[in-house]
Amino acid sequence: MKLKTVLLYAFLVAFLGVFSTGCEPTTPPVEPPVEEQVMPEPMPEPEEPELLPEPEPLPEPEPVQMEPEPIVESYGKNTHVVEKGDCLWNISESGEVYSDPFQWPVIYKANRDQIKDPDLIYPNQEFQIPRDVSQQEIDDAVHEAKTRGPWSLWDGK
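All figures in this text were calculated on a predicted structure; none of them were measured in a lab.

What counts as what
- Residues numbered from 1 in each chain as written.
- Predicted model: local features only at pLDDT ≥ 70, side-chain atom pairs only at ≥ 80, totals over all residues.
- Heavy atoms only, no water.
- Core = buried A, V, L, I, M, F, W, Y, C linked by side-chain atoms within 4.5 Å.
- Buried < 20%, exposed > 50% of the residue type's maximum accessible area, 1.4 Å probe, protein only.
- Contact = heavy atoms within 4.5 Å.
- Phe/Tyr/Trp six-rings, centres within 6.5 Å; stacked < 30°, edge-to-face > 60°.
- Helix = DSSP H or I, 4+ residues; strand = E, 2+ residues; numbered from the N terminus.
- pLDDT = per-residue confidence, 0-100.
- Patch = residues over 30% accessible without salt bridge, like charges linked within 9 Å, V, L, I, M, F, W, Y side chains within 5 Å.
- Areas by Shrake-Rupley, 256 points an atom, 1.4 Å probe, with all protein chains shown as cover.
- Salt bridge = Lys/Arg side-chain N within 4 Å of Asp/Glu carboxyl O.
- Lys, Arg positive; Asp, Glu negative; His and termini not counted.
- Charge placed at Lys NZ, Arg CZ, Asp CG, Glu CD.

## With respect to the nonpolar core
Soluble globular proteins tend to pack their nonpolar side chains together in the buried interior. Leu88, Ile91, Ile107, Ile121 and Phe127 are the most contacted members of the largest nonpolar core, which totals 15 residues. In this structure Phe127 touches Asn78, Thr79, His80, Val82, Leu88, Ile91, Ile107, Asn111, Gln114, Ile115 and Ile121, once residues within four positions along its chain are discounted.

So, in structure tokens, the structure goes:
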């Protein structure tokens, strides 16, 4: 029984010891050592770059002699050489000619000496493209193109 009593007293002493100190350790906490802050070494001053010598100036280009361009009216070409597959409708529709396919009779009337049938034109024929056409002539040509009737192969009679 003595052993039980000794253990009981030891337990009480330990219990009272914990409550008397307030559950705080009796030694003050150890603060971690403060590391010295090392300043980085300053960057060395950049060396001045070597200056390259000035490049030699390029020689002046020689002027190019150009032949003057032929004077073409600003609103399109004045002639058209027929290529395989061309027709008066497509020629008139071209942006360089009239940009209107219904004006093909204007080309036909101006080139009647070469065109016997407006539905038959041939490669390498060179047609004049009239530019001094009145609005009335244009209106008549458009009317003729729209009311010409059904297409048929003209037999020349």
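## Observations regarding the packing of aromatic side chains
What describes a pair of aromatic rings is the distance from one ring centre to the other and the angle between the planes of the rings. A full pass over the atoms with the stated rule returns two aromatic pairs. Between the aromatic rings of Trp89 and Phe102, the centroid separation amounts to 4.9 Å while the plane-to-plane angle is 75°, which identifies the pairing as edge-to-face. Placement of Trp89 in helix α2 (residues 88-93) and of Phe102 in the loop between α2 and α3 (104-110) is noted, with a sequence separation of 13 residues between them. Here the aromatic rings of Trp104 and Tyr108 are separated by 6.4 Å at their centres, their planes lie at 55°, and the arrangement is tilted. Taken together, the positions of Trp104 and Tyr108, both in helix α3 and four residues apart, correspond to about one turn of that helix.

## Things to note about unusual backbone geometry
One non-glycine residue, Ser99, lies in positive phi territory at about 60°. Here Ser99 shows up in the loop between α2 and α3. Here the phi dihedral of Asn124 falls at roughly 75°; this positive angle occurs in a residue that is not glycine. Summarising the element assignment, Asn124 is placed in the loop between α3 and β2 (126-128).

## So, the environment of Ala145
Here Ala145 shows up in helix α4 (residues 135-146). Distance from Ala145 to Val106, taken between C-alpha atoms, is 9.9 Å for residues 39 residues apart in sequence. Not counting residues within four places of it along the chain, the set of residues in contact with Ala145 comprises Phe102, Trp104 and Pro105.

## With respect to the confidence of the model for the protein chain
When pLDDT is averaged along the protein chain, the result is 77, and 76% of the positions lie at 70 or above. Element-level mean pLDDT values for the protein chain span from 70 in helix α1 (residues 2-21) up to 91 in α3. Overall, residues 70-74 carries pLDDT values under 50, and its contacts beyond four positions in sequence, including any with other chains, amount to two contacts.

## Description of a negative patch on the surface
A contiguous patch of negative charge, built from Asp132, Glu137, Asp139 and Asp140, is present on the exposed surface. Counting through the fold element by element, Glu137 comes out in helix α4.

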